[in-house]
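Remarks on the overall topology
Now for the letters of each chain:
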Amino acid sequence: MTTPLLSIRPLLSIRNVETWYGPINAIKGVSLDVNEGRMVAVLGANGAGKTTLLKTIAGVIDPFKGNIDFDGKPIQRLDPDEVARRGVVLVPEGRQIFPFLSVRENLAMGAFARRDKAGLGDDLERILTWFPRLRERSGQEGGLLSGGEQQMLAIGRAFMAKPRLLLLDEPSLGLSPVLTKEIFAIVRRINAETNTTILVVEQNAAIALATAHDGYVMELGRIVAAGTCAELAEKDDVKEFYLGVAGGHANPDGRKQRWKRRKTWR
Amino acid sequence: MALEQMPPILLLGHDTPAKLFRHRCTEWADRPALRRKQKGIWYSVTWAGYYERARAVGLALADLGCGRGDAITILAENRPEWVYADMGGQCMGLVGNGIYPTSSPEQAEYILTNSDSRVVFVENDEQLDKLLLIRERCPALLKIIVMDLTGLRNFRDPQVVSFDDFIAHGRELARTQAASFEAAIDAGRAGDVAFLVYTSGTTGAPKGAMVSNRNLMFQIGCVTQYISIGPGDKTLSFLPLCHIAERMATVFNHLSVGMIVHFPENSGTVFNDIKEVAPHLLFAPPRFWEKLYSQIELFMQDSIPLARRFYKWAFAEGKAIAEAKIDGREVSGMRRWRFKVLQVIALSNVRSFLGLQNVQNALTGAAPVPPDLLKWYMSIGIDLLEAYGMTESTGFSTATPPDRIKIGFAGVKALDTEIKLGPEDEVMIRGPNVFMGYWKLPEKTAEAIDAEGWLHTGDCGEMDADGYLRIKDRIKDIIITSGGKNITPSSIENQLKFSPYISDAVVIGDGRKFLSCLVMIDQDNVAKFAQDKQVPYTDFASLTRAPEVVALVRYEIETVNAKLARVEQVKEFRLIQELLTAEDEELTPTMKLKRKVVARKYAPLIDEMYAG
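As the structure is a computational prediction, the values presented were derived from the model and not from experiment.

**So, the overall build of chain A**
For chain A, the helix and strand inventory stands at 10 helices and 10 strands. In terms of C-alpha radius of gyration, chain A reaches 19 Å, essentially the compact-globule figure of 18 Å for 266 residues. Based on the C-alpha atoms only, the size of chain A along its principal axes is roughly 60 × 40 × 35 Å. Across the 266 residues of chain A, 47% fall into the buried class. Pairs at least 24 residues apart make up 68% of the contacts formed inside chain A by residues separated by at least 6 positions.

**As for the domain arrangement of chain B**
Splitting chain B by domain gives domain 1 (3-212) and domain 2 (481-611). The C-alpha centroid of domain 2 of chain B is placed 40 Å from the C-alpha centroid of domain 1 of chain B.

**Focus: the environment of A:Leu43**
All names here are of chain A. Structurally, Leu43 is set in strand 3 (residues 39-44). Taking C-alpha positions, Leu43 is 7.8 Å from Asn204, a pair spaced 161 residues apart along the chain. What Leu43 contacts, discounting residues up to four positions off in sequence, is Glu202, Ala205, Ala208, Gly215, Val217 and Tyr242.

**Notes on the pairing of strand 8 (residues 197-202) of chain A**
All names here are of chain A. Burial analysis of strand 8 places 6 of its 6 residues in the buried class, the great majority of the element. Both strand 3 and strand 8 contribute to a ladder of 5 bridges, which runs parallel. When the bridges of strand 8 are listed, Val40 appears paired with Leu199. Both strand 7 (residues 165-169) and strand 8 contribute to a ladder of 5 bridges, which runs parallel. By the bridge assignment for strand 8, Leu165 is matched with Thr197. You can see the chain leave strand 7, run along helix 7 (residues 177-194) and come back into strand 8, and the turn it takes is right-handed.

**Structural notes on the packing of helix 6 (residues 147-160) of chain A against helix 7 of chain A**
All names here are of chain A. Direction vectors running N to C along helix 6 and helix 7 enclose 15 degrees, while the axes themselves pass 10 Å from each other. With respect to helix 7, the axis of helix 6 lies roughly parallel. As for the relative orientation of helix 6 and helix 7, their crossing is right-handed in sense. Taken together, the residues of helix 7 that come into contact with helix 6 (itself represented by Gly148, Gln151, Met152, Ile155 and Phe159) are Leu179, Ile183, Val187 and Ile190. Residues belonging to the contact of helix 6 with helix 7 are distributed by class as follows: 7 nonpolar, 2 polar and no charged.

**Topic: the sheet that holds strand 19 (residues 437-438) of chain B**
Note: strands within a sheet are paired through backbone hydrogen bonds, in either parallel or antiparallel orientation. Residue and element names in this part refer to chain B. With mixed pairing, 8 strands are arranged side by side in an open sheet as 7-6-5-3-4-8-9-19. Because the sheet does not close on itself, it has two edges, and the strands there are strand 7 (160-162) and strand 19. Sheet analysis places strand 9 (residues 208-212) next to strand 19, joined by 2 bridges and oriented antiparallel. If you follow Met210 over to strand 19, its bridge partner there is Gly437. Packed on one face of the sheet, helix 6 (residues 163-187) meets strand 6 (143-146) and strand 7 and runs near 75 degrees to strand 7.

What counts and how
Residues numbered from 1 in each chain as written. Chains lettered and ligands numbered in written order. Predicted model: local features only at pLDDT ≥ 70, side-chain atom pairs only at ≥ 80, totals over all residues. Helix = DSSP H or I, 4+ residues; strand = E, 2+ residues; numbered from the N terminus. Rg over C-alpha atoms; globule rule 2.2 N^0.38 Å. Buried ≥ 20, exposed ≤ 12 C-beta atoms within 10 Å, placed from the backbone. Contact = placed C-beta atoms within 7 Å. Domains from an automatic or database assignment. Pairing = 2+ DSSP bridges. Right-handed = clockwise from strand over helix to strand, strands pointing away. Axes fitted to C-alpha atoms, helices over the stretch in contact; angles between N-to-C directions. Parallel < 35°, antiparallel > 145°, perpendicular 65-115°, else oblique. Left-handed = near helix turned anticlockwise from the far one by under 90°. Nonpolar A, V, L, I, M, F, W, Y, C, P; charged D, E, K, R; others polar.

Here's what the structure looks like:
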């Protein structure tokens, strides 16, 4: 049985959000909750609407319908900078760092909207401890970093904004398995050490389910499964379609099963 | 009278479908017979091509060692290879049967061993895997022929052949042995078994109903009594070919009227394919028509107010005309003219939206039909006609004449057949459409067909003065409440299913104080309701638990209750929290809930309703 995840006072509560790109209905009604201090993963294939969901939360796109409450106050239809000021910070897909600024300048850009200059130094120090590679390259231009280092920089830059909710869009994109593991380990560490709530959208289901607390599975703009990551990892459909574990019946001759059975999301 | 002594039924001088098939393939050689959509493109096959392929398959089957009377099996969704195999087999005097693609390996094994099938045609990798699991236990099986080799490039197995190789071999044989194919067709007799249809078997193991050539020739001859389409008109073959209704429509009605049969890309694209093909004839179970109807109802909710107003107006006019037609009243010329205009403005769009703009014959059956559904279609200008039949009567045994529609009745009997009501109002049928019996089950056959030749249908019905038959329910499904009232659950379920939010329902109450029901919601429509009403949910189970959804279903049930007598009212209900698929044992391959299985599986849920 699935645990009902929609709770009374979540940090982020999304209710019946529907988002369109012109005539295309990318999100067809999504409700989900992110509780304070949790790391929540949203899984889904290409085109499931994961990125659209994050962009909608961050205010980059306005939802056509539905409510998004952050800390009990509605944030739908606010401008992205206002959403960020309230503590919801997006690490976009494909990092989007400033290539001609140095690592240190990139990090400083993250703190642009911050009023409390006092904590700045501490946070910078924290980031450089989490990501020692950034310390080594702090004077280098961002564009000269490797993909993994750029991802670290993007996360570090977002953390400089002192987020209460960090939105990560596909941090594993284009990274080697080893680097992916490293990034996720640090994300989890950030979550544990600073109690920053994290909503991560990911195609790499194995790593996401192993790292996060709660999870949702999206398909074609709808949530099809919800539960703790442990519960999700036990579902047959998650195992077969997201984790690549062979389905219920193996082939008699040991051939790899090519055809897909239909999903039921039990 | 023993079967052998019955006079053959001749059509164009032929006494078997195989001979008629050969006749048509010569007569209509260059006309398109079949069309199939593949990767978005429609491919045609002419009647001559159909014959040539059936011949190749037939000769290749004989070459494997299949002799007259041997069984062959097809395990595939509808596609041309299905009918090539079926027709090729029939021409050679083989007895074909079909297995639902959603069947489990065990179910497939039962049919293969029960029929002693020698060859099985499977659709693809998925179906082949079922065969590989069970083939050791099917000793009669010689070969497995695979239609679609996707994913099997490196697969080698001495028992497995590709359909392409198989048919190529048959073509090779046809160069020298074409005459033996002709001889095999000529050797067919009216009394031979043409094919087997395994009944879905909600109780016990499936039974193979034997359909004779004579049964088929009779039904082919009857086709024009309820169908008015002709050569070149279009149909879509999308219901399972294992089922008698689609088997008749795709393979045998084809021989009578010569329409072009279209095969959809796959079962998921049917609604799109209908729009594309715009068929002239559409036969589908009520559930399908309900789905189309609910698409329109929900679509109209989202349309602009002006469109809604025109639709409402046109619909009301259509309804008035439909009601007049049902009652047999005349409609004034003015009114008819006004409706024509409104049709052009509003309803013709609705029909095109559904792909029904060309429909001349819209038929439904195979399950009880909600009366409101028929009225709705009549109101948009489509006379949806109800028919009644079963495997054991080789498909249709009654059909509604287009000029005299009676809502709630399944029409009148076919010419040259008899229908009467037996004890407990059981519908009994006698005539050339009554099947030969169950394969290797003489005692079951004796239960179904009595000494005088009456087929006991197991359905409870009534007949009016004009000979119209109304089907009430399966006799064994009739509920007797603890108060001693006899209730036919399907009439209640039918009215519930008419709601766009209820996809199916099972009414329970045998030996209980009151009636209750289990409801399977329509996922798409309820999800849309939830979205419109801002009801949060995550997965399917949480959707069924949402209080607003429960309230919605309660409202739908109350609406139906208002039309029912007190004892028939549904007092309690529960929603089925799992999204069921055709693979689940609760559903038939046509997505109907199986009463017995549901009652067993959801026993705790049912007991809960009666606990209070």
